[in-house]
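Next come the chains, spelled out residue by residue.
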Amino acid sequence: IVQTINQLMDRCTGVRLCELALSIADTLLRTPVDQSELFFNQITIMIFKIYLCLGCPHGCNEGIKSQQADFLRLKAKALLANLEKLEQEKFKKILTDYVEEFGCQQVLDLLHSITAFCRTEFSQSEMCQRRSSESRMPSYRNKFNEKEKGIEGRIINATSKPLITKLAAIGD
C-alpha cells in the first residue's frame, strides 16, 4: 500500500493526496503488525514527500500556507515522532541515507519544510525577556527541542554531519 502511494505521489501531488496518505500511514502504524525495515523506510520517505509537497509553513517559494496544510504538517510531525520513537536507530539511518541519496537542494528543502528555519518563532516579548535574563552574547538558540517532542532537533542532529560533509565535498 505504501509503495503504491509513494509511486502515486511521484506522479502527482496535492493537499488531498497528502491528507489521504497521512491517514493511511497513521492507520498502518497503529496496526499491531511487525513492520519490516522496507515498510519503515517507505513510510518515512512518504512523509518526507508530503513535507516537500506542502513546503514551508510561512509560504516560502511554493509552500502552502493554509489551515489544512498546517494540520497536515502537525499530523506528519506526529507520525515522524512516532516512527522515531518506534525505531530510533532505523530512523536515524533513514535520515542519513536520505542525505546521501538525494541532492543537497532537496535535503535543504525538506529541512526547511520540517523546521521552517527561515523565520524565528520567538515573539518580541520573549526576545526582550531573554535579553534581560541572559547575557548579550550571540547565540544560536532555537526552539527545536522545546516543542513537538523535539523531533525537529533530532532530525537536524541526524542530518547535520552527512549534509555538511556532502556540501563540503561539492566545494572541493
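Residues numbered from 1 in each chain as written. Predicted model: local features only at pLDDT ≥ 70, side-chain atom pairs only at ≥ 80, totals over all residues. Heavy atoms only, no water.

1. Description of the packing of aromatic side chains
Note the threshold: Stacked, edge-to-face and tilted are the three classes for Phe, Tyr and Trp ring pairs, Trp counted by its six-membered ring, which pair at centre distances within 6.5 Å; planes under 30 degrees apart are stacked, over 60 edge-to-face, the rest tilted. The way it works is that DSSP assigns letters per residue, a run of H or I at least four long becomes a helix, a run of E at least two long becomes a strand, and they are numbered from the N terminus. Note on classification: 1.4 Å probe, protein chains only; a residue is buried when its accessible area is under 20% of the maximum for its type, exposed when over 50%, partly exposed between these limits. The criterion is that NZ of a Lys, or CZ of an Arg, lies within 6 Å of the ring centre and within 35 degrees of the ring normal, and then a charge sits over that ring.
Scanning all chains against the criterion turns up two aromatic pairs. On the basis of an interplanar angle of 70° and a centroid distance of 5.0 Å, the ring pair of Phe-48 and Tyr-98 is categorised as edge-to-face. Residue Phe-48 is located in helix 3 (residues 37-54), and its partner Tyr-98 is located in helix 5 (residues 88-101); the two are separated by 50 residues in the primary sequence. A single burial state applies to Phe-48 and to Tyr-98, both of which are buried. Relative to Phe-102, the ring of Tyr-98 has its centre 4.4 Å away and its plane inclined at 35°; by these criteria the two rings are tilted. Taking the relative accessible area as the measure of exposure, Phe-102 reaches 24% and is therefore partly exposed. Each residue in the set Phe-48, Tyr-98 and Phe-102 is aromatic and connected to the rest through ring pairs, giving one cluster. Here the basic side chain of Lys-90 rests over the ring of Phe-40, its NZ or CZ set 5.7 Å away from the ring centre.

2. Quick look at the nonpolar core
Going by this rule: In this text, buried Ala, Val, Leu, Ile, Met, Phe, Trp, Tyr and Cys residues form a nonpolar core when linked through side-chain atoms within 4.5 Å. Contacts: residue pairs with any heavy atoms within 4.5 Å of one another.
If you look at the biggest cluster of nonpolar residues, it comprises 41 residues, and the most contacted ones within it are Met-46 and Leu-80. Elements represented by at least two residues in this core include exactly helix 1 (2-11), helix 2 (15-30), helix 3, helix 4 (67-86), helix 5, helix 6 (104-115) and helix 8 (151-171). Those residues in contact with Met-46 that lie beyond four places of it in its chain are Val-2, Ile-5, Asn-6, Met-9, Ala-21 and Ala-25.

3. A short note on the side chain of Thr-159
Note the cut-off: Under the rule applied, a polar contact is a pair of N or O atoms within 3.5 Å (in protein, one hydrogen donor and one hydrogen acceptor; residues adjacent in sequence only if both atoms are side-chain atoms).
Looking at the secondary structure, you find Thr-159 in helix 8. For Thr-159, the side chain forms a polar contact with the main-chain oxygen of Ile-155, separated by 2.8 Å. Among all residues touching Thr-159, those that are not within four sequence positions of it are Leu-95, Val-99 and Leu-111.

4. Quick notes on helix 2
Quick reminder of the rule: Every helix has an expected span of 1.5 Å times one less than the residues it contains. By arc we mean the arc of the directions from the helix axis to the C-beta atoms, nothing more.
Taking 1.5 Å as the rise per residue, helix 2 with 16 residues should run 22 Å; its terminal C-alpha atoms sit 23 Å apart, in good agreement. Turning to helix 2, its buried residues number three or more, namely Leu-17, Cys-18, Ala-21, Leu-22, Ala-25, Asp-26 and Leu-29. Viewed along the axis of helix 2, the buried residues span an arc of 170°, placing them on a single side of the element. Opposite its buried face, helix 2 presents the exposed residues Arg-16 and Arg-30, each directed more than 90 degrees away. Those residues of helix 2 hidden inside the fold are in contact with helix 1, helix 3 and helix 4.

5. Regarding the side chain of Thr-96
Looking at where Thr-96 falls in the secondary structure, it is placed in helix 5. With a relative accessible area of 18%, Thr-96 lands in the buried category. A distance of 2.9 Å separates a polar atom in the side chain of Thr-96 from the backbone oxygen of Lys-93. Leaving out residues up to four positions away in the same chain, Thr-96 has contacts with Ala-158 and Pro-162.

6. Points about the confidence of the model for the protein chain
Note the following rule: By definition, pLDDT measures how confident the predictor is in each residue, and it falls between 0 and 100.
Per-residue confidence for the protein chain gives a mean pLDDT of 80, with 82% of residues at or over 70. Of all helices and strands in the protein chain, the one with the weakest mean pLDDT is helix 7 (residues 124-133) (50), whereas helix 5 scores best (93).

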